[in-house]
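Architecture and fold: a report
In case you want the letters, here they are:
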Amino acid sequence: MYVDQPLEEDAIDHFDRLPDPILVSIFNRLQDVKALGRCCAVSKRFHSAALQAESIVVRVDCVISGDSSPSTSSSSSSASEASTAAARGALHQILLPKKVVLAEVSHHSPGEVLRNFREIRSLKIVLPGGELGFEDGALLKWRAEFGSSLEGCAILGATSFRRCGANSEAVADEAGDEEEQRFCTNGGLKLRVVWTITSLIAASARHFLLQQIVADHPTLRDLELTDVDGQGTLIMGREQLEELRRAPAEAASATANRTQVPALSMKLWYAPRLVLPMAGLVLEGATLVAIRPIGGHVGRLDDGDGFLVGAFDGAFGEAARAMVKRKTYLLEMNPF
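Remember, predicted model here, so these are calculated numbers, not experimental data. (Residues numbered from 1 in each chain as written. Predicted model: local features only at pLDDT ≥ 70, side-chain atom pairs only at ≥ 80, totals over all residues. Heavy atoms only, no water.)

Some words on the environment of Thr198
The residue Thr198 is located in helix α7 (residues 188-216) in this model. Counting along the chain gives 66 residues from Thr198 to Leu132, while the straight-line C-alpha distance between them is 7.5 Å. Of the polar contacts made by the side chain of Thr198, one reaches the backbone oxygen of Val194; its length is 2.9 Å. (Helix = DSSP H or I, 4+ residues; strand = E, 2+ residues; numbered from the N terminus. Polar contact = N/O pair within 3.5 Å; in protein donor to acceptor, adjacent residues only side chain to side chain.)

Below, the structure written as structure tokens:
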């Protein structure tokens, strides 16, 4: 009787035949920190190779309050309270940063999860959602660059946005001039200042929370902190990371867990109704804000429109290109 015998090569683990550099390259393409954590549990060799990954993405599953108890308020209600406080000038009470945790990693912070990875060059952290909640249909996006302090920020907002109707462009032309004249007197400018303040505080809170991670990983060359909604994005490049290591960020106050925002100069563009033909969208009360520190280090940012247009993707990049052609309002803001 013929009996199939297993070939000797069938018992070989072909992963064992891979050189260590190739194994590290494979793990490096995984990026997701949870997947890498599971690989670490397979074997000593996998553990050693996975911890050499240079590109890592940390997706934060949930957010809990600073007292480590589950948050009971939604991000929308928290942001609403923040906006109200900003309008009243209570800047120190706005958007107190939340402690972020990974649900599957014993509620450790991203810094603790990353502690054993010693070769990180590119890091992306994704939060569950933006800190700023506004009315349904409204739009608010920001992108900020930091070194040891804020180097630049672009903010794009609209009171609402929708798909284009057949006569959207004609309506925009008829209504635009009259509405723009009332912009500074009917509360429109004040609302945009609130948007700006809350976005800056959200950005400075994120920056403050990154300091220990930057200090713990001297190999880090590129860092991005964003959220699943794509509302706000903080980015730091190699020179900016090195600057933060040399000169840690100054806190806004002894109790505030956010970086101090320096004195700022701002350019603001406003359109009562902005039609985006390529994207097929109409933005009502569209606003674009470009922010720079007064007399500060500009870093990688230039003073042209490239920063603003490059800050937003797709339809929102189209909106930024259209907005910078309109009338410019110049504003300044004291440090806070």
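Past the structure itself, the notes keep going.
Some details on the state of the cysteines
Applying the stated criterion across every chain, the model contains 0 disulfides. In this structure Cys39 is a free cysteine whose sulfur lies 7.1 Å from that of Cys40, the closest cysteine sulfur available. (Disulfide = S-S within 2.5 Å.)

Focus on the pairing of strand β11 (residues 281-293)
Buried residues dominate β11, accounting for 13 of its 13 residues. Sheet topology places strand β7 (residues 160-163) next to β11; 4 bridges connect them, and they run antiparallel. Within the sheet, the bridge partner assigned to Arg162 lies in β11 and is Val282. With 12 bridges connecting them, strand β10 (residues 264-276) and β11 associate as antiparallel partners. Across the sheet, residue Trp269 finds its bridge partner in β11, namely Leu288. Linking β10 to β11, which pair antiparallel, is a turn of 4 residues; within it Gly280 sits at a positive phi near 70°. (Buried < 20%, exposed > 50% of the residue type's maximum accessible area, 1.4 Å probe, protein only. Pairing = 2+ DSSP bridges.)

Examining empty space enclosed by the protein
Enumeration according to the criterion identifies 1 cavity of 30 Å³ or more in this entry. Its boundaries defined by the atoms lining it, the largest cavity holds a volume of some 30 Å³. Lining the largest cavity are Phe146, Leu150, Leu200, Ser204, Thr259, Gln260, Val261 and Pro262. Considered class by class, the residues forming the lining of the largest cavity number 5 nonpolar, 3 polar and no charged. (1 Å grid on protein atoms, 1.4 Å probe; cavity = no way out; pocket = protein on both sides within 12 Å on 5 of 7 lines; lining within 4 Å. Points joined across faces, edges and corners; volume = space filled by probe spheres on them. Nonpolar A, V, L, I, M, F, W, Y, C, P; charged D, E, K, R; others polar.)

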